[in-house]
Amino acid sequence: MTSVAGKPRNILDEIREKARAKKRRVVLPEGLEPRTVQAAKLIVDANLAQVVILGEIDKVNKLAKDNGLDSGKVSIIDPANAEQLPAFIDTFMEIRKKKGITRQEAETAMKQPLYFGAMMVQKDMADGSVAGAVNTTGDVLRAAIQVIGLAPGINTVSGAFMMTVPQYRGQINKIFMYADGAVVPNPDAEQLASIAVATARTHKNLTGEEPRVAMLSFSTKGSAKHPDVDKVLAALEIIKKNHPDLKVDGELQVDAAIVPDIAARKCPGSAIAGDANVMIFPDLDAGNIAYKITQRLANATATGPIIQGLAKPANDLSRGCSAEDIRDVVAIAMLMKG
């Protein structure tokens, strides 16, 4: 696929442009990390989103000055002393009341930037949060799940990778979405169905393309019998029952999913006709291995993991990320709201 001007498609440029048009607001909980402040400057300079930085105000202001960020162009909030804190504590106690949380425990949680940022998203004071340059994935997801919760009809958080393949079947910079490549080691059928639906939404939100979902396996349409194949078929039935308009097929081997002439032989009449753009792997082993093989052997660009399945956006980062990486994940997060 090429752009109108005839240049190869750059999906991240497209995502940044779409984010700019949305005029949304992001919260960055790791405000005492220099890369966060550097990213905030990139975001503000590019007009990608309004920015809220969390952290001790004096320390954030110093980092801003050291990194050339005009602190007047962002909002800076110290969770421990924020005027919103009492209301946030009340809301968190209500959310977690079945867990028997005490007010002291709720206060301790809400003074933590990850939880405070998630609550800003929960209350629509921000359109998404982005963290993980300092915190672990587990910490980022725990705060998001406890405060924001899962999207309706979704029963698990998962991680998608947007794969940009330089050349594929005559197309330049072909986009595929792979999942799950980051979170759920061995999903059951219901979780696999949720991963597929969430990934289809992610693909639509980020690329604008209609998702065509392949439920992948080592078998194509009954060519092998095994409990692992049964799981994929059970997930497919759940999807078809709950999302009848979604273009999805399975169980499929990869070649049947993406090569039309092979699809014509192995699965004639397939809903995706060998032209899948969303690839759902049966477990984390397969998904993680596949994205890395595609990245290394096809010289593809892997963007992610893109955290999906939450009711509202909260994205994770690699702890080795750059300021530019944070900027791009922020742009993605601004589109995950739909």
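Residues numbered from 1 in each chain as written. Predicted model: local features only at pLDDT ≥ 70, side-chain atom pairs only at ≥ 80, totals over all residues. Heavy atoms only, no water.

A separate point is the pairing of strand β4 (residues 128-131). Regular strands place their side chains on alternate faces of the sheet. The two faces of β4 match: G128 and V130 on one face and S129 and A131 on the other face are all buried. Inspection of the sheet shows strand β1 (residues 25-28) paired to β4 by two bridges, in the parallel sense. By the bridge assignment, V26 is partnered in β4 with G128. Pairing analysis gives three bridges linking β4 to strand β11 (residues 314-316), with the strands arranged parallel. Bridged to V130 within β11 is N315. (Buried < 20%, exposed > 50% of the residue type's maximum accessible area, 1.4 Å probe, protein only. Helix = DSSP H or I, 4+ residues; strand = E, 2+ residues; numbered from the N terminus. Pairing = 2+ DSSP bridges.)

In any sheet, the strands associate via hydrogen bonds between backbone groups, in a parallel or an antiparallel arrangement. Across the sheet, which stays open at both edges, the six strands sit in the order β8-β7-β9-β6-β5-β10 with mixed pairing between neighbours. Both outer strands of the open sheet, β8 (247-252) and β10 (301-308), are each paired with one neighbouring strand and no more. Direction aside, the axes of adjacent strands within the sheet are offset by 25° on average. Looking at chain direction, strand β7 (residues 212-216) and strand β9 (residues 278-280) are connected through three bridges and run parallel. Across the sheet, the residue bridging to V213 is V278, located in β9. (Axes fitted to C-alpha atoms, helices over the stretch in contact; angles between N-to-C directions.)

On the basis of which strands lie adjacent, the open sheet formed by five strands has the order β3-β2-β1-β4-β11 and parallel pairing. Only two strands of the sheet have a single partner each, and these edge strands are β3 (75-77) and β11. Here the strands of the sheet are splayed against their neighbours by 25° on average, with no regard to which way each runs. Sheet strands in contact with helix α2 (residues 34-46) are β1 and β2 (50-54), and its direction is about 165° off that of β2. (Contact = heavy atoms within 4.5 Å.)

Let us now look at the packing of aromatic side chains. Under the counting rule described, the total for this entry stands at five aromatic pairs. Aromatic side chains Y178 and F281 sit 5.2 Å apart centroid to centroid with 65° between the ring planes, which places their arrangement in the edge-to-face category. Note that Y178 is positioned in strand β6 (residues 171-179) and F281 in the loop between β9 and α12 (284-297), a separation of 103 residues in sequence. As far as burial versus exposure is concerned, Y178 and F281 are alike and both buried. Across from the ring centre of F176, 5.4 Å away, lies the NZ or CZ of K174, which sits over that ring. (Phe/Tyr/Trp six-rings, centres within 6.5 Å; stacked < 30°, edge-to-face > 60°. Lys NZ or Arg CZ within 6 Å of the ring centre and 35° of its normal.)

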